[in-house]
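Topology and contacts: notes
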Amino acid sequence: MFLCYSLIMDKIFSITVNSLEETDILAGKFSNAIRKHGAFVCLYGDIGAGKTAFTKLVAKYLNVKEKVTSPSFVIINEYLSGDLPVYHFDLYRLENEGVKTIIDELTEYSKPDVLTMVEWAEFSDCELPFDRIEIKIEYIDENKRKFDFYAVGDEYKKALEGLKQ
Ligand SMILES: Nc1ncnc2c1ncn2[C@@H]1O[C@H](COP(=O)(O)OP(=O)(O)O)[C@@H](O)[C@H]1O
Ligand SMILES: [Mg+2]
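Residues numbered from 1 in each chain as written. Chains lettered and ligands numbered in written order. Predicted model: local features only at pLDDT ≥ 70, side-chain atom pairs only at ≥ 80, totals over all residues.

Focus: the sheet that holds strand 3 (residues 76-79)
Put simply, the test is: The criterion for strand pairing is that DSSP finds at least two bridges linking the strands in question. Helix and strand labels come from DSSP, where a helix needs a run of H or I of at least four residues and a strand needs a run of E of at least two; each type is numbered from the N terminus. Helix axes are fitted only over the stretch in contact, all axes being lines through C-alpha atoms; the angle between N-to-C directions runs from 0 to 180 degrees.
An order of 1-7-6-2-5-4-3 is seen for the seven strands of this open sheet, with the pairing classed as mixed. Both outer strands of the open sheet, strand 1 (9-17) and strand 3, are each paired with one neighbouring strand and no more. Taking each pair of neighbouring strands and ignoring which way they run, the sheet shows an average axis angle of 15 degrees. The pairing of strand 2 (residues 39-44) with strand 6 (residues 132-139) spans four bridges and is classified as parallel. Each residue of the ladder has a partner; that of Leu43, found in strand 6, is Ile135.

Set out below in structure tokens:
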């Protein structure tokens, strides 16, 4: 079930946003794209790129009522009050050995109809579901960011196409 093979990876949509408000609008569109079936999402980008900020905004649009905070110390936060269960991982603090300790959770949260957002998926030791969305966030300047959305496998291609509208 788990594979690490990012060669079959299609860049579906790219956008440069000029402010957090524009990231908010993008998060609204993204949440609509995945609202029906959920998704497994890996977020890439340097510290301060906006991985947590984007996740918070997506959670807001999924009507998560709890306060969404960075899981960097706790590794996993879960929010069950919204339209979908939202599982928010930050793997930065895990050594490869550590990933094995949360592999059951990663597997559990790869099921349909949940949204799993994984910051620092680089540290997942490739223990990722084959079908997934990858989002790369590039810091351009204080308020400006470039977002690239990729589909790995076919499952999420159609959903991401919805971002173009
Ligand atoms: N356009 C933007 N999109 C996302 N975040 C932005 C933007 N402009 C400024 N920011 C700020 O950049 C910071 C990103 O921090 P954070 O989301 O914690 O980064 P990461 O989780 O990638 O380390 C936040 O303080 C956020 O308010
Ligand atoms: Mg973060």
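A few points about the site of ligand 1
The cut-off we apply is this: To decide whether a residue is near a molecule or strand, its C-beta atom is placed from the backbone and checked for lying within 6 Å of it.
Close to ligand 1 lie 16 residues, the nearest being Thr23, Gly50, Lys51, Thr52 and Ala53. Within the residue set of the shell around ligand 1, elements represented by two or more residues are helix 1 (20-34) and helix 2 (51-61). At three residues, helix 2 tops the list of elements feeding residues into the shell around ligand 1.

A word on the environment of Met117
Heads up, the condition is: It is the C-beta atoms, placed from the backbone, that decide contacts: two residues are in contact if theirs lie within 7 Å.
Mapped onto the elements of the fold, Met117 is located in strand 5 (residues 115-119). Put simply, Met117 and Asp154 are 37 residues apart on the chain and 18 Å apart in space, counted from C-alpha to C-alpha. Once residues lying within four places of it in the same chain are set aside, the contact partners of Met117 are Val41, Leu43, Thr55 and His88.

What to know about the packing of helix 1 against helix 2
Worth spelling out the cut-off: The labels follow the angle: roughly parallel below 35 degrees, roughly antiparallel above 145, roughly perpendicular from 65 to 115, and oblique for the rest. Crossing handedness: left-handed means the near helix sits turned counterclockwise from the far one by under a right angle, and right-handed means the same turn made clockwise. When residues are grouped by polarity, Ala, Val, Leu, Ile, Met, Phe, Trp, Tyr, Cys and Pro land in nonpolar, Asp, Glu, Lys and Arg in charged, and all others, Gly among them, in polar.
The contact between helix 1 and helix 2 brings their axes to 8 Å, and the two run at 55 degrees. On the basis of the axis angle, helix 1 is oblique to helix 2. Handedness of the helix 1/helix 2 crossing: right-handed. Along its contact with helix 1, which presents Leu20, Thr23, Asp24, Ala27, Gly28, Phe30 and Ser31, the element helix 2 presents Ala53, Phe54, Leu57, Val58 and Tyr61. For the contact of helix 1 with helix 2, the per-class residue count stands at eight nonpolar, three polar and one charged.

A word on the pairing of strand 4 (residues 86-90)
The test is simple: With C-beta atoms placed from the backbone, a residue is buried if 20 or more other C-beta atoms are within 10 Å of its own, exposed if 12 or fewer are, and partly exposed between those counts.
The element strand 4 is extensively covered by neighbouring structure, given that five of its five residues are classed as buried. Burial of strand 4 is two-sided: the residues Val86, His88 and Asp90 facing one way and the residues Tyr87 and Phe89 facing the other way are all buried. Pairing of strand 3 with strand 4 involves four bridges; the strand directions are antiparallel. For Tyr79, the partnering residue across the bridge sits in strand 4 and is Val86. Of the pairings in the sheet, the one linking strand 4 to strand 5 comprises five bridges and is parallel in character. Within strand 5, the residue paired with Val86 across the bridge is Leu115.

Remarks on the environment of His37
Locating His37 in the fold gives a position in the loop between helix 1 and strand 2. Remark: the alpha-carbon pair of His37 and Pro112, spanning 75 residues in sequence, is separated by 6.3 Å. Those residues in contact with His37, other than ones at most four positions away along the chain, are Pro112 and Asp113.

Some words on unusual backbone geometry
Note: most residues except glycine have negative phi, and most peptide bonds are trans. The backbone of Asn63 sits at a positive phi, close to 65 degrees, despite the residue not being glycine. Here Asn63 is to be found in the loop between helix 2 and strand 3. Its 12 C-beta neighbours within 10 Å are what place Asn63 among the exposed residues. In this model, Ile75 sits at a positive phi of 75 degrees, which is unusual for a non-glycine residue. Following the sequence through the fold, Ile75 ends up in the loop between helix 2 and strand 3. On the basis of neighbour count, Ile75 is assigned to the partly exposed category, with 17 C-beta atoms found within 10 Å.

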